[in-house]
Amino acid sequence: MRLFFRRIADYIRECDKLLYILCLVTTSFGCIAVFSTTYAQKGLNDFITQAVSMVLGIIAVIFISTLHYKNICRFWPIVAAVGLIPVGLTFFIGHAPGATDDKAWLTLPGNISFQPSELLKICFILTFAYHCFKIGDKVKKFWHVVLLCIHGAAPVLLIHFQGDDGTALVFAIMFVGMMFVAGVPIRYFIILLSAAVIAAPFAYFFLMNDDQQARINALFTGEAGDYLGTLYQQYKGRIALANGGFLGQGLFKGTMTQSGGVPYGYNDFIFTCIGEESGLLGCLLVLGLISAICIRILRIGFLSDSKMGLIICTGVFMMLLSQTIINVGMCLWLLPVIGVTLPLFSAGGTSLLFTYCGFGLVMSVYMRRKSGTVYLRDEMSRYG
């Protein structure tokens, strides 16, 4: 028992308490937002799911952070299989909840919906970081860059064919960020950017369906008639944001939020509902908390004594940053609606749980930033 309490004391001393506090405060705010946006229309189910996922996420952080991230990466074939197999199953037994048309979810026992792409994000971060670490300085050579691109393209294409282009875009941004910190020369990014610009018109005309094209067109040529069609969700979200003013209408008092006037206001458009009930101040607090977490994660990456640790932290950083920018861009009518949620705030147990798994990897990097940590009690026992 004494050893058990010593281990707890060691963990508390060595973990990053600032990251813990930021994550707990942010997620608690998110749970309150989910409660407010869902209670009037759906009862307590979404709030309970969010709260339970938060608790499970904390347990996951503690468990993952006690493992050395390098040891986890060494089992990369198993990690890859764990990430890819569930996504593959969605092509055969996947289902699309609500009004979505992306069969990107699996139904688990107990009628629990599970989105495998969230698990794949964590598995991709681990396998790609290990890939970059193993090739070392060869990352600057052409054929190794090609192999890295194939590794990065695999989840992007898989999720694209699944029908979830928003998540596919998040994977692509994570891939680019991790490639950059791995040391891939800038010239390859210039080539990649040029290829993307050239391919964009072909993607628009030959890969995007009519609905996707309409969402992009509406941002530039949208007229009043579009407010009842393609732009309906963004139009309602803008009204909710305008209703909030600086301080908001108050928790459980948002006109659009409580009536369900913003479609999926508890999920993709929770930022607009927070804006209506908490005002501009609440929106700035949301962005400030997520930014603080992102900055802390990146700081931990640079504290790591291993390139693998830096790449892992960059992957988690890019995951949070890209989702936040895309989601807020959707809510502010700057980007088309592509189904990307706001991390730590949008309702969704799978997303929250595996975001916390990412935090667990970051915590593992932090706790091993110095090799050969010597505790005070070890020094005392050495001398008697």
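Quick caveat, the model's predicted, so the values are computed rather than measured. Within each chain, residues carry numbers counting from 1 in the order of the written sequence. Side-chain atom pairs in this predicted model are given and counted only at pLDDT of 80 or more, local residue features only at pLDDT of at least 70, and totals for whole chains, interfaces and linings cover all residues. As a convention, hydrogens and water are excluded, and side-chain values are obtained from all of the structure's heavy atoms.

Asker: Break down the overall build of the protein chain for me, with residues and values.
Answerer: Each helix is a run of H or I in the DSSP string that is no shorter than four residues. Each strand is a run of E no shorter than two, and both are numbered from the N terminus. Of the regular secondary structure elements, the protein chain holds 16 helices and two strands. Only C-alpha atoms enter the radius of gyration; for comparison, a globular chain is expected to reach 2.2 Å times N to the power 0.38, where N is the number of residues. Radius of gyration (C-alpha) of the protein chain: 22 Å, near the 21 Å computed for a compact globule of 384 residues. Taken over the C-alpha atoms alone, the protein chain extends approximately 80 × 50 × 40 Å along its principal axes. Three labels apply to residues, based on accessible area from a 1.4 Å probe with only protein chains included: buried if under 20% of the type maximum, exposed if over 50%, partly exposed otherwise in between. Among the 384 residues that make up the protein chain, the fraction classed as buried is 47%. For the protein chain, restricting intrachain contacts to residue pairs at least 6 apart in sequence, the fraction spanning at least 24 positions comes to 72%. Within the structure as shown, the protein chain displays about 19,000 Å² of accessible surface, and the carbon and sulfur contribution to it stands at 69%. A contact between two residues is defined here by any heavy atoms of the two lying within 4.5 Å. Per-residue and other accessible areas were derived by the Shrake-Rupley procedure at a 1.4 Å probe size, with only the shown protein chains allowed to occlude residues.

Asker: Lay out the packing of aromatic side chains in plain terms, naming residues and giving numbers.
Answerer: Between the rings of Phe, Tyr and Trp (Trp by its six-membered ring), a pair exists once the centres lie within 6.5 Å; its type follows the angle of the planes, with under 30 degrees stacked, over 60 edge-to-face, and the other angles tilted. Counting across every chain of the model gives 13 aromatic pairs. On the basis of an interplanar angle of 70° and a centroid distance of 6.0 Å, the ring pair of Phe124 and Phe171 is categorised as edge-to-face. Taken together, the residues span a long stretch of sequence, with Phe124 in helix H6 (residues 116–135) and Phe171 in helix H8 (residues 165–182) at a distance of 47 residues. The class of Phe124 is buried, set by a relative accessible area of 3%. Put simply, the rings of Phe35, Tyr39, Phe47 and Phe252 pair up and form one aromatic cluster.

Asker: Describe the nonpolar core, naming the residues involved and giving the relevant values.
Answerer: Judged by nonpolar contacts, the single largest core of 97 residues is most densely connected at Ile293, Ile297, Ile312, Phe345 and Phe359. Ranked by residues supplied to this core, first place goes to helix H14 (residues 307–331) with 14 residues. Apart from residues no more than four positions distant in its own chain, Ile297 is found in contact with Leu19, Cys313, Val316, Phe317, Leu320, Phe359 and Val362. Joining through side-chain atoms within 4.5 Å is the link that ties buried Ala, Val, Leu, Ile, Met, Phe, Trp, Tyr and Cys residues into a set, and such a set is a nonpolar core.

Asker: I'd like to hear about the packing of H6 against helix H7 (residues 142–162), residue by residue, with values.
Answerer: The relative placement of two packed helices is expressed as an angle between their axes plus a distance between the axes. Between N-to-C directions, angles span 0 to 180 degrees; the directions come from axes that are lines fitted to C-alpha atoms, helices contributing only their stretch in contact. Following both chains from N to C, one finds H6 and H7 inclined at 175°, their axes separated by 11 Å at the closest point. Compared by their axis directions, H6 and H7 come out roughly antiparallel. Between H6 and H7, the residues in contact are Ser117, Leu120, Phe124, Thr127, Phe128, His131, Cys132 and Ile135 and His144, Leu147, Leu148, His151, Gly152, Pro155 and Ile159, respectively. Under this grouping Gly is polar, as are all residues other than the nonpolar Ala, Val, Leu, Ile, Met, Phe, Trp, Tyr, Cys and Pro and the charged Asp, Glu, Lys and Arg. When the residues that make up the contact of H6 with H7 are grouped by side-chain class, the tally is nine nonpolar, six polar and no charged. Each angle is binned into one of four classes, with values under 35 degrees roughly parallel, values over 145 roughly antiparallel, values of 65 to 115 roughly perpendicular, and all other values oblique.

Asker: Tell me about the pattern of salt bridges, and please be specific about residues and values.
Answerer: Pairs may arise between side chains of opposite charge once their charged atoms sit close together. Every case where a carboxyl oxygen of Asp or Glu lies within 4 Å of a side-chain nitrogen of Lys or Arg is listed as a salt bridge. In this structure the tally under the stated criterion is four salt bridges. Two residues, Asp16 and Arg296, come together in a salt bridge whose shortest N-O distance is 2.8 Å. One end of the pair, Asp16, is in the loop between helix H1 (2–14) and helix H2 (17–42); the other, Arg296, is in helix H13 (residues 270–303), and 280 residues separate them in sequence. Residue Asp16 shares its accessibility class with Arg296, and that shared class is buried.

Asker: Which residues make up H14, and what are the values?
Answerer: To estimate the expected span of a helix, count its residues, drop one, and scale the result by 1.5 Å. Helix length check: H14 (25 residues) gives 36 Å between terminal C-alpha atoms against 36 Å at 1.5 Å per residue, within 8%. Polar contact criterion, stated in full: a pair of N or O atoms within 3.5 Å, where within protein one must be able to donate a hydrogen and the other to accept it, and residues adjacent in sequence count only if both atoms are side-chain atoms. For H14, the side-chain oxygen to backbone nitrogen distance between the N-cap and Met308 is 3.1 Å, and the N-cap itself is Ser306. Trailing H14 by a residue or two, Trp333 shows a phi angle of about 70°, which is positive.

Asker: How would you sum up the side chain of Thr324? Please name residues and give values.
Answerer: Looking at the secondary structure, you find Thr324 in helix H14. For Thr324, a relative accessible area of 9% corresponds to the buried category. Not counting chain neighbours up to four residues away, the residues in contact with Thr324 comprise Leu287, Ile290, Leu342 and Pro343.

Asker: Talk me through the environment of Cys331; I want residue IDs and the actual numbers.
Answerer: Topologically, Cys331 is positioned in helix H14. Cys331 has contacts with Leu241, Asp268, Phe269, Phe271 and Thr272, leaving out every residue within four places of it along the chain.

Asker: An account of empty space enclosed by the protein is requested, with residue identities and associated values reported.
Answerer: Site definitions follow a grid-based scheme: protein atoms alone, a 1 Å grid, a 1.4 Å probe that fits but cannot get out for cavities, and for pockets an open set with protein on both sides within 12 Å along at least five of seven lines, plus lining residues having an atom within 4 Å of a point. Grid points are joined across faces, edges and corners, and a volume is the space filled by probe spheres set on the points. Scanning the model with the defined rule gives one cavity of 30 Å³ or more in all. There is about 30 Å³ of room inside the largest cavity. Along its surface, the largest cavity is lined by Leu19, Tyr20, Cys23, Val61, Tyr356, Phe359 and Met363. Residue assignment for the lining of the largest cavity shows that the elements contributing at least two residues are H2 and helix H15 (349–367). For the lining of the largest cavity, the residue count by class is seven nonpolar, no polar and no charged.

Asker: Got a sec to walk through the packing of helix H11 (residues 232–244) against H13? Specific residues and values, please.
Answerer: One can describe the packing of H11 onto H13 by two numbers: an axis separation of 7 Å at closest approach and a directional angle of 35°. Judged by the twist between their axes, the crossing of H11 over H13 is right-handed. Contacts between H11 and H13 pair Gly237, Ala240, Leu241, Asn243 and Gly244 from the former with Phe271, Thr272, Gly275, Glu276, Gly279 and Cys283 from the latter. Across the contact of H11 with H13, the residue classes tally to four nonpolar, six polar and one charged. Whether a crossing is left-handed or right-handed is set by the direction in which the near helix is turned from the far one by less than a right angle, anticlockwise for left-handed and clockwise for right-handed.

Asker: Quick one: what's the story with the state of the cysteines, residue by residue and with numbers?
Answerer: The disulfide criterion used throughout: a pair of cysteine sulfur atoms within 2.5 Å. This model, assessed by the stated rule, comprises zero disulfides. Of all cysteine sulfurs, the one in Cys123 lies closest to Cys357, which takes part in no disulfide; the gap is 9.3 Å. Judged by its relative accessible area of 11%, Cys357 falls in the buried class.

Asker: Can you lay out the environment of Phe128 for me, pointing to particular residues and giving the numbers?
Answerer: By the secondary structure assignment, Phe128 is in helix H6. Taking the C-alpha atoms as reference points, Phe128 and Ala182, separated by 54 residues in sequence, lie 10.0 Å from one another. Every residue in contact with Phe128, bar those within four places of it in the chain, is listed here: Leu148, His151, Gly152, Phe175, Met178 and Met179.

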